[in-house]
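What follows is each chain in one-letter form.
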Amino acid sequence: MIKKIKGTGFALMMSLMMMAASGCAGKKESDSERAPIEQEKNISRMVNEAGKAEAEGTEDYTTDDAVVEEGTAAEYKKIDEFDTKLTSDNGLIQVEVDAPVSLTECNSYPIVKVSRDEIDEELLKKTKNILLGDTTLYDGVRVMDPDIERDIKSGVIGDAEKDELMIGGQVYYDAIGQHPVDVSLRKVADMAEEYSDVENFDFYYNQLMPEGELFYGVTDGRDGEFASLCVTNSDSYGSSLKYFSSRDYFVRSGLVLPGMDFAVWPTEYGKDYIVDDGNPQRIFEPEEPSEPEYDENGEIVQWVGSGKTDPNFEGFNIIDSTKETNNLSKEEALRQAEEVLKELGLDDQYVPAYTEDSYLTDPFNVVKASSGGSRYTENVTIGRVWDIVYERGVNGNIVENFGEKYSENYYHGEVDKQVWFGESVRILVNDNGVVGLFINDPMTVEETVVDNSNLLGFDEIKKIYEETQLETLNGMSSFDSILSEEAGDLMYDIKIDDIKLRYTKVSEPENFNNGLLVPVWDFSGVCYNGQGDVEGEGSFIQINAIDGSVYNAETGY
């Protein structure tokens, strides 16, 4: 369950979500008197455990007078320290825990029933009116990829290659003003005939979400501001609303998956964080020289990379934006963000999780610059924003979902996959105002099924942790069943430095679109490789605070 690093962009978020998709392996039985429930983690039984008046092995962590106001986060308090060390039998993986144990100070830890929701047309129209006023929007589906457009105009892409790029029916950005669109959601299936000339529409939207809804509009940029607004509702991939504006370059938001289409990272990481070749979370990679692959007739079938860095590439050139500046105070940025939330009617549902002064850039708008002959650099323009993330709150406890939760149904030999990513609202603010709004996989709260859960004592959680952490890592794709390998030198050293009681969403495969928000103990830290370099950071295991079962990020339960 290695989670995304706070503030990173869409590409990084997705790569880490794929790490998380492997979830957790099976756990051993605890030898304590009150063992965790069986592996199938029966939801009804868990609810019964939570509601027991005098449950064996439980502890009352509540504070009677700690009443939490709506839309705020409860304060954390330290209740314990945990110090232990685990090493796999083959010596390849080591986990060192040295962390305070904290939980929120509140008067109850409820269990809440939720269901998947969608972005409706009312929210789409509100967003457009609040952030873009009466600005006309144009057809984002028809606008050409800016990278492709630039390379066609410069001659890098010739007529023969254009046929391979699925650009039929799309237009150059400077002609998009001929294609205004109404701000309304439409069924993708109903749009198929109208967009039959746009090859990419069928390949992307119609194949990925034939049952879904879509709106995708962009501004024409004539006033010097480029903006994009997109909503997707998909049974398979969930729902999202994406708005982003820039004064530097054309922007787009037409991806089906929730999340951002660009990169955001804390300024403390440095300007070159996403180009640093020592950074495992880097966004930008040097190009590889390509060579043709021929068929039996001597015709080029495709171009393939040689696997070596292009010798003509001289490096990345980081350019500070003069238009996307950020001289606002944190307080003013939060005020603007909360004002937008209130206007959208979302202010009582979400809790501010973190606010960071950050850099941002669009990975799709890197510009090559010749430095003589065939030598070149790649210019990356970066701006500054306050990156403000809101998560759903349960009595002041932040709900954080790490990784994808999916259900697979097999029929006619095919796999129907549904994904339920984590719910969040992310707002970007700088000197130009609100320049980004991202609403990911919203939920509807159905009811409170347990007013105040009985939680296992942390001594019990410690035992479960020590029995399950290595097996859990072994079940993650990022560690690739490492416990089954032969003995050798240390490959991974994980240092757990943060243990908190959080909430996550628990569901069952047979009832995938419904779930429960429940308290879990989250163990977070940093993973280093054998050379001491950072491999990743985030959540390495979550243990259900009610029944002691290990949460599986892949299945969502």
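Parameters and conventions
- Residues numbered from 1 in each chain as written.
- Predicted model: local features only at pLDDT ≥ 70, side-chain atom pairs only at ≥ 80, totals over all residues.
- Heavy atoms only, no water.
- Helix = DSSP H or I, 4+ residues; strand = E, 2+ residues; numbered from the N terminus.
- Buried < 20%, exposed > 50% of the residue type's maximum accessible area, 1.4 Å probe, protein only.
- Contact = heavy atoms within 4.5 Å.
- Areas by Shrake-Rupley, 256 points an atom, 1.4 Å probe, with all protein chains shown as cover.
- Polar contact = N/O pair within 3.5 Å; in protein donor to acceptor, adjacent residues only side chain to side chain.
- Salt bridge = Lys/Arg side-chain N within 4 Å of Asp/Glu carboxyl O.
- Expected span 1.5 Å × (residues − 1).
- Arc of directions from axis to C-beta.
- Axes fitted to C-alpha atoms, helices over the stretch in contact; angles between N-to-C directions.
- Parallel < 35°, antiparallel > 145°, perpendicular 65-115°, else oblique.
- Left-handed = near helix turned anticlockwise from the far one by under 90°.
- Core = buried A, V, L, I, M, F, W, Y, C linked by side-chain atoms within 4.5 Å.
- Patch = residues over 30% accessible without salt bridge, like charges linked within 9 Å, V, L, I, M, F, W, Y side chains within 5 Å.
- Lys, Arg positive; Asp, Glu negative; His and termini not counted.
- Charge placed at Lys NZ, Arg CZ, Asp CG, Glu CD.
- Phe/Tyr/Trp six-rings, centres within 6.5 Å; stacked < 30°, edge-to-face > 60°.

Asker: Is there a simple way to explain the overall build of the chain in this structure?
Answerer: Scanning the chain from N- to C-terminus turns up nine helices and 26 strands. Counting the 557 residues in the chain, one finds 54% classified as buried. Restricting the contact set of the chain to residue pairs at least 6 apart, pairs at least 24 apart contribute 72%. Roughly 24200 Å² of accessible area belongs to the chain as shown, and the carbon and sulfur atoms make up 43% of that amount.

Asker: Help me understand the side chain of Ser358, please; the structure alone is not making it clear to me.
Answerer: Among the structural elements, Ser358 can be located in strand β14 (residues 350–361). Residue classification places Ser358 among the buried residues on the basis of a relative accessible area of 0%. A polar contact of 3.2 Å, which involves the side chain of Ser358, links it to the backbone oxygen of Glu356. Non-local contacts of Ser358, meaning those with residues more than four positions away in its chain, are made with Val264, Trp265, Pro266, Thr267, Gly383, Arg384, Val385 and Asp387.

Asker: What am I meant to see in the pattern of salt bridges here?
Answerer: One side chain can pair with another of opposite charge once the charged atoms of both are near each other. The tally for this structure, following the rule as stated, stands at 27 salt bridges. One salt bridge connects Glu314 with Arg375, and the closest N-O pair in it is separated by 3.2 Å. Here Arg375 lies in the loop between β15 (367–370) and β16 (376–394) and Glu314 lies in strand β13 (residues 313–320), a separation of 61 residues in the sequence. For Glu314, a relative accessible area of 43% gives the class partly exposed. One salt-bridge network, in which partners are shared between bridges, spans Glu400, Asp498, Lys500, Arg502 and Asp522.

Asker: Just to check I follow, could you spell out helix α8 (residues 330–344) for this structure?
Answerer: Since the α-helix advances by 3.6 residues per turn, residues separated by three or four positions end up pointing in the same direction. Its 15 residues place the ends of α8 21 Å apart at the C-alpha level, agreeing with the 21 Å of an ideal helix rising 1.5 Å per residue. Of the residues making up α8, those classed as buried are Ala333, Leu334, Gln336, Ala337, Val340, Leu341 and Leu344. Buried residues along α8 cover an arc of 160° about the axis, so they all sit on one side. In α8, those exposed residues whose orientation departs by more than 90 degrees from the buried face are Glu331 and Lys342. In this fold, the buried residues of α8 make contact with α3 (121–132), β14, β16, β20 (424–430) and β21 (433–440).

Asker: I keep staring at α3 and nothing clicks. Help me out?
Answerer: Taking 1.5 Å of rise per residue, the 12 residues of α3 would be expected to cover 16 Å, and the 16 Å separating its terminal C-alpha atoms lies within 8% of that figure. Along α3, the residues that are buried comprise Leu123, Leu124, Thr127, Lys128, Leu131 and Leu132. Viewed along the axis of α3, the buried residues span an arc of 135°, placing them on a single side of the element. Opposite its buried face, α3 presents the exposed residues Glu122 and Asn129, each directed more than 90 degrees away.

Asker: How do you make sense of the packing of α3 against α8 when you look at a structure like this?
Answerer: Think of two packed helices as two axes; the pair is described by the angle between the axes and how far apart they sit. Their axes nearest at 10 Å, the elements α3 and α8 cross at an angle of 140°. Considering their axes alone, α3 and α8 lie oblique with respect to each other. In this structure, α3 meets α8 at a crossing whose hand is right-handed. Counting all contacts with α3, which are made through Leu123, Lys126, Thr127, Ile130 and Leu131, the residues of α8 involved are Val340, Glu343 and Leu344.

Asker: Is there a simple way to think about the nonpolar core in this case?
Answerer: General note: in soluble globular proteins, nonpolar side chains tend to be found buried as a group. Grouped together as the largest cluster of nonpolar side chains are 56 residues, with contacts concentrated most on Tyr465, Phe479, Ile499, Trp521 and Phe523. Here Tyr465 is in contact with Phe82, Thr84, Leu86, Val95, Val97, Ile496, Phe523, Ile541 and Ile543, once residues within four sequence places are set aside.

Asker: How do you make sense of a negative patch on the surface when you look at a structure like this?
Answerer: Where like charges cluster on the molecular surface, the negative patch consists of Asp117, Glu118, Asp120, Glu121, Glu211, Asp235, Glu446 and Glu447. Residue classification places Asp120 among the partly exposed positions, given a relative accessible area of 41%.

Asker: Please clarify how the packing of aromatic side chains should be interpreted in this entry.
Answerer: In this description, an aromatic ring pair is defined by two values, namely the gap between the centres and the angle between the planes. Overall, the coordinates contain 18 aromatic pairs when judged by the stated rule. Centre to centre, the rings of Tyr269 and Tyr273 are 4.7 Å apart; their planes meet at 50°, and the pair counts as tilted. Ring geometry for Phe284 and Phe316: centres 5.9 Å apart, planes at 50°, overall tilted. Of this pair, Phe284 sits in the loop between β10 (263–266) and β11 (290–294) while Phe316 sits in strand β13, and the two are 32 residues apart along the sequence. Accessibility expressed as a relative area gives 6% for Phe284, which makes it buried.

Asker: Is there a simple way to explain unusual backbone geometry in this structure?
Answerer: It is generally the case that most residues other than glycine have a negative phi and that most peptide bonds are trans. You will see that Asn395, though not glycine, has its phi angle at about 50°, which is positive. Considering the arrangement of structural elements, one finds Asn395 in the loop between β16 and β17 (397–398). You can call Asn395 partly exposed: its relative accessible area is 22%. Positive phi is not limited to glycine here, since Asp441 has a value of about 45°. Residue placement: Asp441 occurs in the loop between β21 and β22 (443–450).

In short, shape yes, function no, at least from these values alone.
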